[in-house]
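# Examination of the molecular architecture
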Amino acid sequence: MESLLTYVILGALLFCIGIFGLLQHNSLIGMLIATELILNGAGLNAMAFGFFLSSDATIGQAFTLFIMGIAAAEAAIALSIMIAVFRRFHDIRVDAISQLKG
Amino acid sequence: MNTIADFIPPILVAQGIFWILVLITLSGAVMAVVPAKIVHNVLGLAQSMFGVAGIYLYLGSQFVSMMQLLIYVGAICVTYIFAIMLSPPMELGGEKPVLFKMVLALLTSVVTFIALVVMLIKTQWAPLAAPGRDWTAKTLGQVLLTRYFLVFELISLVLVVAIIGAIMVTNLGVSRERK
């Protein structure tokens, strides 16, 4: 609980679970959810390094807040693309969407 | 007078809650990726984000913890739920995951994890100076609006562009559907 390694390994675990989900899932929303996990692992790392190593305590917090902002923007854009893809192809399985020309 | 702190030391309670939070985070993360049903995935994501918000409390920042709750659990998960409700349920999950794909994905993530952990353990992490302990939201706000002002404004711009772009892209789907 008091060591940097605990938090960083937890962040790495979140990251790797996210990678697993990104590769394994069959639908677009599932892949997006896995991406959120990856971003959270990164945010946890930034907070842990800021807490244990940085001389300025606000840097880690600021970075985590920026990561959250980027994640929110990414979720909005990706979900709207997903809805557009669903309206076009009537399917959100990534294997079924293989046609590029719109 | 006996208080509860005489029977259970507070540090033990703090450690117990920390590991419970770690358990919540990891079980939520597994639930967010393994089941084939998307609604279960979103619920797992919300649980995992909740656990991470608790861990941020242990890292000393109430503000970031509350933001994590508001943005991830409050906003992003609800957006996912809306997106799920906008697409018909028969298309969402319920199909068998391919075993071969799953094994390959597991292999990739385990190898990545081992590489990361070996790297993390082998590195000597040492603070450059004495760690700062100024965690108040006031200081954070001052830093955000002075040193990181440009980044702050850029994030706002990115969010605006993302919202407008989301509306446009969704309408793009409608106009193509009508053709």
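This text goes with the structure placed above it.
Report on the accompanying structure. (Residues numbered from 1 in each chain as written. Chains lettered and ligands numbered in written order. Predicted model: local features only at pLDDT ≥ 70, side-chain atom pairs only at ≥ 80, totals over all residues. Heavy atoms only, no water.)

### So, the pattern of salt bridges
In total, this model carries one salt bridge over all chains according to the counting rule given. The salt bridge involving Asp56(A) is made with Arg147(B); its shortest N-O contact spans 2.7 Å. You can see Asp56(A) sitting in the loop between helix 2 (28-52) and helix 3 (58-89) and its partner Arg147(B) sitting in the loop between helix 6 (137-146) and helix 7 (149-178), one on each of two chains. For Arg147(B), a relative accessible area of 49% translates into the label partly exposed. (Salt bridge = Lys/Arg side-chain N within 4 Å of Asp/Glu carboxyl O. Helix = DSSP H or I, 4+ residues; strand = E, 2+ residues; numbered from the N terminus. Buried < 20%, exposed > 50% of the residue type's maximum accessible area, 1.4 Å probe, protein only.)

### A few points about helix 5 (residues 99-122) of chain B
Across its 24 residues, helix 5 of chain B extends 34 Å between first and last C-alpha, which sits within 8% of the 34 Å expected from 1.5 Å per residue. Packing partners of the buried residues in helix 5 of chain B comprise helix 1 (4-24) of chain A. (Expected span 1.5 Å × (residues − 1). Contact = heavy atoms within 4.5 Å.)

### Here we look at the interface of chain B and chain A
Contact residues are listed per partner, giving 89 residues for chain B and 76 residues for chain A. For the pairing of chain B and chain A, the buried interface totals around 7,200 Å² over both sides, and the portion due to carbon and sulfur atoms is 78%. Broken down residue by residue, the surface that chain B buries against chain A is led by Val33(B), Leu59(B) and Tyr80(B), which jointly contribute 9%. If you look at where chain B meets chain A, you find eight residue pairs in polar contact (both at pLDDT 80 or more). Counting only elements with at least two residues in the side of chain B that touches chain A, the list comes to helix 2 (10-33), helix 3 (38-58), helix 4 (62-86), helix 5, helix 6 and helix 7 of chain B. The leading source of residues in the side of chain B that touches chain A is helix 7 of chain B, at 14 residues. Its residues placed into classes, the side of chain B that touches chain A shows 64 nonpolar, 17 polar and eight charged. (Buried area = accessible area lost by both parts, 1.4 Å probe. Polar contact = N/O pair within 3.5 Å; in protein donor to acceptor, adjacent residues only side chain to side chain. Nonpolar A, V, L, I, M, F, W, Y, C, P; charged D, E, K, R; others polar.)

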